[in-house]
Amino acid sequence: MFVLLDKIVLKLMRTAGVKSNLKIRRGPMKGVKWSTMVPDSRYLLGIYESDLTEKIISAVTDGKRLVDIGANAGYFSLVASKYGHKELSHIAAEPFPANVQLIQEHLKINNISNVVIEASAIADKNGEVEFSNTDNLAANTYKSESSIHKENLIKLNAIDLNTLSEKYDLKDNCFMKIDVEGAEFDVLQGGKAYLEKFHPEIVLATHDCHVKGVKEKCLNFLMDLGYSCQPIIDEKPIPGQEDFLCSFAN
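A.B. asks: Would you mind going over the pattern of salt bridges with me for this structure?
C.D. replies: Close approach of charged atoms lets side chains of opposite charge pair. For the coordinates displayed, the defined rule picks out 7 salt bridges. The salt bridge partner of Lys177 is Asp68, with a shortest N-O separation of 2.6 Å. Taken together, the residues Lys177 in strand 9 (residues 174–178) and Asp68 in strand 3 (residues 65–69) connect sequence positions 109 residues apart. Classification of Lys177 by relative accessible area gives buried; the value is 4%.

A.B. asks: I would appreciate a short explanation of the state of the cysteines in the present structure.
C.D. replies: In protein structure, a disulfide is the covalent linkage between the sulfur atoms of two cysteines. All chains considered together, the criterion is met by 1 disulfide. Disulfide pairing places Cys229 opposite Cys246 at an S-S distance of 2.4 Å. Of note, the bridge from Cys229 to Cys246 carries an S-S torsion of about 115° and is right-handed in sense. A residue pair is termed long-range when its members are at least 10 positions apart, and Cys229 in strand 11 (residues 227–232) and Cys246 in strand 12 (residues 241–248) qualify at 17 residues. Given a relative accessible area of 22%, Cys229 falls into the partly exposed group.

A.B. asks: Explanation requested: the packing of helix 3 (residues 50–61) against helix 4 (residues 75–83) in the structure shown.
C.D. replies: In a pair of packed helices, the angle between the axes and the distance between the axes together describe the arrangement. The contact between helix 3 and helix 4 brings their axes to 9 Å, and the two run at 40°. It follows that helix 3 is oblique to helix 4 by the angle criterion. Classified by chirality, the crossing of helix 4 by helix 3 is right-handed. Between helix 3, through Leu52, Thr53, Ile56, Ile57, Val60 and Thr61, and helix 4, the contact on the second element is made entirely by Tyr75, Phe76, Val79, Ala80 and Tyr83. Along the lines of polarity and charge, the residues of the contact of helix 3 with helix 4 split into 9 nonpolar, 2 polar and no charged.

A.B. asks: Please explain the sheet that holds strand 8 (residues 154–160) as it appears in this structure.
C.D. replies: Consider a sheet: its strands pair through backbone hydrogen bonds, and that pairing is either parallel or antiparallel. Pairing is mixed across the open sheet formed by 3 strands, whose spatial order is 6-8-7. Both edges of this open sheet fall to strand 6 (121–123) and strand 7 (127–131), since each of them pairs with a single strand only. Neighbour to neighbour, the strand axes of the sheet diverge by 50° on average, direction disregarded. Direction of pairing for strand 6 relative to strand 8: parallel, over a ladder of 3 bridges. Bridging across to strand 8, Ala121 finds its partner in Ala158.

A.B. asks: Which parts of the structure should I look at to understand the pairing of strand 12?
C.D. replies: Side-chain positions along a regular strand alternate between the two faces of the sheet. Examined bridge by bridge, strand 10 (residues 201–207) and strand 12 share 6 bridges and lie antiparallel to one another. Within strand 12, the position partnered with Val203 by the bridge is Leu245. In terms of strand pairing, strand 11 meets strand 12 through 6 bridges, oriented antiparallel. Considered in strand 12, the bridge of Ser228 is made with Ser247.

A.B. asks: What is the right way to look at helix 4 in this model?
C.D. replies: Along helix 4, 7 of the 9 residues are buried, which leaves the element largely enclosed by surrounding structure. Inspection of helix 4 places Tyr75, Phe76, Ser77, Leu78, Val79, Ala80 and Ser81 among the buried residues, and these make up the whole buried set.

A.B. asks: Would you mind going over the layout of surface pockets with me for this structure?
C.D. replies: Taken as a whole, the largest pocket spans an internal volume of roughly 820 Å³. In terms of lining, the largest pocket is formed by 49 residues, of which the most central are Asn72, Ala138, Ala139, Asp179 and Glu181. A class-by-class count of the residues in the lining of the largest pocket yields 27 nonpolar, 13 polar and 9 charged.

Thresholds applied
Residues numbered from 1 in each chain as written. Predicted model: local features only at pLDDT ≥ 70, side-chain atom pairs only at ≥ 80, totals over all residues. Heavy atoms only, no water. Salt bridge = Lys/Arg side-chain N within 4 Å of Asp/Glu carboxyl O. Helix = DSSP H or I, 4+ residues; strand = E, 2+ residues; numbered from the N terminus. Buried < 20%, exposed > 50% of the residue type's maximum accessible area, 1.4 Å probe, protein only. Disulfide = S-S within 2.5 Å. Axes fitted to C-alpha atoms, helices over the stretch in contact; angles between N-to-C directions. Parallel < 35°, antiparallel > 145°, perpendicular 65-115°, else oblique. Left-handed = near helix turned anticlockwise from the far one by under 90°. Contact = heavy atoms within 4.5 Å. Nonpolar A, V, L, I, M, F, W, Y, C, P; charged D, E, K, R; others polar. Pairing = 2+ DSSP bridges. 1 Å grid on protein atoms, 1.4 Å probe; cavity = no way out; pocket = protein on both sides within 12 Å on 5 of 7 lines; lining within 4 Å. Points joined across faces, edges and corners; volume = space filled by probe spheres on them.

Right, dumping it as structure tokens:
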């Protein structure tokens with residue numbers, strides 16, 4: 001009942017345009033400050049993707065750096081900052097300007113200094129990509145196959161994963177989360193050299209809802225590199241979204 005009341009209050013605040021920061025109510029991120037302007041109320045309620053959250057906590061407490069590709073508002077980067085080794089910097093890669101502003105705000109209000117923002121799309125090339133520009137900050141994509149990639153497009157910077165790995169000296173001490181709204185196969189292709197050499201553990205969010213067949217292409221690509229992928233059972237609100245934990249098996 002309290003969760004329902006919280007959801008109603010948060011919805012009313014956003015509808016009224018009330019910009020504020022509240023502390024997350026419960027769960028492993030309890031007490032962390034979070035913007036009420038983030039549309040998904042599960043963050044502030046402390047119930048957002050608990051299975052994935054626990055996997056990231058386990059990885060960073062074991063000394064891994066989080067590489068958060070498709071960081072959205074920065075929740076998992078904040079998880080890594082809170083539970084990881086303080087001398088390690090974590091990477092929040094996010095191209096969409098409104099989301100970058102939210103990440104910057106979350107880092108500032110929580111006095112976080114060990115998360116670095118890479119304001120770029122991670123793709124299969126370096127340059128520019130054309131992004132959809134909808135009000136759904138969790139769903140914008142540069143994949144032209146997606147039904148939301150239609151009008152009001154904006155050009156954003158893009159780099160490939162191999163370039164990202166060189167820029168931040170990523171090696172075998174990384175735990176990688178890839179959640180890029182249908183562009184996940186591009187990310188893997190653009191990071192083949194890095195993946196072949198260092199074999200980071202990967203949480204892969206696949207989006208057949210944006211690009212049909214992308215899940216199968218990603219899993220086959222990783223299997224050819226020696227990875228084994230197991231489903232993560234976090235409830236997804238939209239059909240065609242599936243998460244996998246992918247570990248190097250050879």
